[in-house]
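Listed below, chain by chain, are the residues.
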Amino acid sequence: MRRFCCLMLLICLLPLSACALIWPSDQTRNITLLQSYIEQVNEALDKVGGTRINSVFECYDTFATLGVTLMSDSDSPEKTEIVVSMGQMGLDHLEISTSDINGFAELCAALTAVAAREGDQVKKYLGDPSAYVSRVKKNPLTSFSDTVHYEKGSSVRVYFAYEPNEYGDGQNYLSMTLVFPRELDALAGIDVTPVPTTVAQAVFDGSDDAGDYVPYDEGTHLEVFVTPTPEPDSAAGEMFH
């Protein structure tokens, strides 16, 4: 009986294990960074019992489409799609969209934890996506959407959205947009152009005023006086006559 159960379990796992992550042979810096990131995400998913990302549908230097599939010959995401955008500074942002509501929290937690360089603490990132899953299950016909800000900051940022029957197929899609932090690029060895420093320059007129003065027009205005200085009828002017 035990052998039969093990055999059935192996048969059930075969289609899933057959879907291997196949990356382009022509590796670029961005693709190498993405591959490393996804491998760490899958390790984090193992820690919380999530389903691994197992399919790469397309992968280029600027974007990639990945997913979770059960069929070995699937050429498109079945329930879960992950689209990653990349730029000169590495990974920019990604969006996960899935109709597998029950597996959403674990996948989001793993993606976020690794982006925050805390893949070994993935469980602490389960709270937010789990709350959104509960919200959807409580009100499955009510859509919502966060406003996404794509500019990268000092820490990872996530935004959530939900749309029931978005494509008219009876499926409800829950999504998360993740914006990678700048630090992820630096730690990966990708050069980041530093923000230039601005130096303020004061203009002095020789007076004894503290801080002297700064011209209102940044020194672009020229004033011409036709009256001679010193004036001829002044006390200073008499010294020259």
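For the structure itself, consult the block above.
So, how was this worked out
- Residues numbered from 1 in each chain as written.
- Predicted model: local features only at pLDDT ≥ 70, side-chain atom pairs only at ≥ 80, totals over all residues.
- Heavy atoms only, no water.
- Helix = DSSP H or I, 4+ residues; strand = E, 2+ residues; numbered from the N terminus.
- Buried < 20%, exposed > 50% of the residue type's maximum accessible area, 1.4 Å probe, protein only.
- Areas by Shrake-Rupley, 256 points an atom, 1.4 Å probe, with all protein chains shown as cover.
- Pairing = 2+ DSSP bridges.
- Phe/Tyr/Trp six-rings, centres within 6.5 Å; stacked < 30°, edge-to-face > 60°.
- Lys NZ or Arg CZ within 6 Å of the ring centre and 35° of its normal.
- Contact = heavy atoms within 4.5 Å.

### What to know about the overall build of the protein
Reasoning step 1: Scanning the protein from N- to C-terminus turns up six helices and seven strands.
Reasoning step 2: Mapped from its N terminus to its C terminus, the protein presents α and β elements in the order α-α-β-β-β-β-α-α-β-β-β-α-α.
Reasoning step 3: Across the 241 residues of the protein, 33% fall into the buried class.
Reasoning step 4: For the protein, the accessible area works out to roughly 15,500 Å², and carbon and sulfur atoms hold 54% of it.

### Things to note about the pairing of strand 7 (residues 173–179)
Reasoning step 1: Within strand 7, seven of the seven residues are buried, which leaves the element mostly enclosed by the surrounding structure.
Reasoning step 2: Relative to strand 7, strand 4 (residues 90–98) is paired through six bridges, and the arrangement is antiparallel. Its bridge partner being in strand 7, Glu95 is matched across the sheet by Thr177.
Reasoning step 3: Bridge analysis of strand 6 (residues 157–163) against strand 7 gives seven bridges, and the strand direction is antiparallel.

### Let's talk about the packing of aromatic side chains
Reasoning step 1: Evaluation of the coordinates by the stated rule reveals seven aromatic pairs.
Reasoning step 2: When the centroid spacing of 6.1 Å and the interplanar angle of 65° are considered together, the rings of Phe104 and Phe160 count as edge-to-face. Taken together, the residues span a long stretch of sequence, with Phe104 in helix 3 (residues 104–115) and Phe160 in strand 6 at a distance of 56 residues.
Reasoning step 3: Looking at Phe160, the relative accessible area reads 3%, which means it is buried.
Reasoning step 4: Members of the aromatic cluster, joined through ring pairs, are Phe104, Tyr132, Phe144, Phe160 and Tyr162.
Reasoning step 5: The positively charged end of Arg135 is found above the aromatic ring belonging to Phe144, 4.0 Å away from the centroid.

### A closer look at the environment of Leu45
Reasoning step 1: If you trace the backbone, Leu45 turns up in helix 2 (residues 29–48).
Reasoning step 2: Residue classification places Leu45 among the buried positions, given a relative accessible area of 0%.
Reasoning step 3: Placed 78 residues apart in sequence, Leu45 and Lys123 show a C-alpha to C-alpha distance of 9.7 Å.
Reasoning step 4: The residues touching Leu45, leaving out its near neighbours within four places in the chain, are Gly50, Thr51, Arg52, Ile53, Glu106, Leu107 and Ala110.

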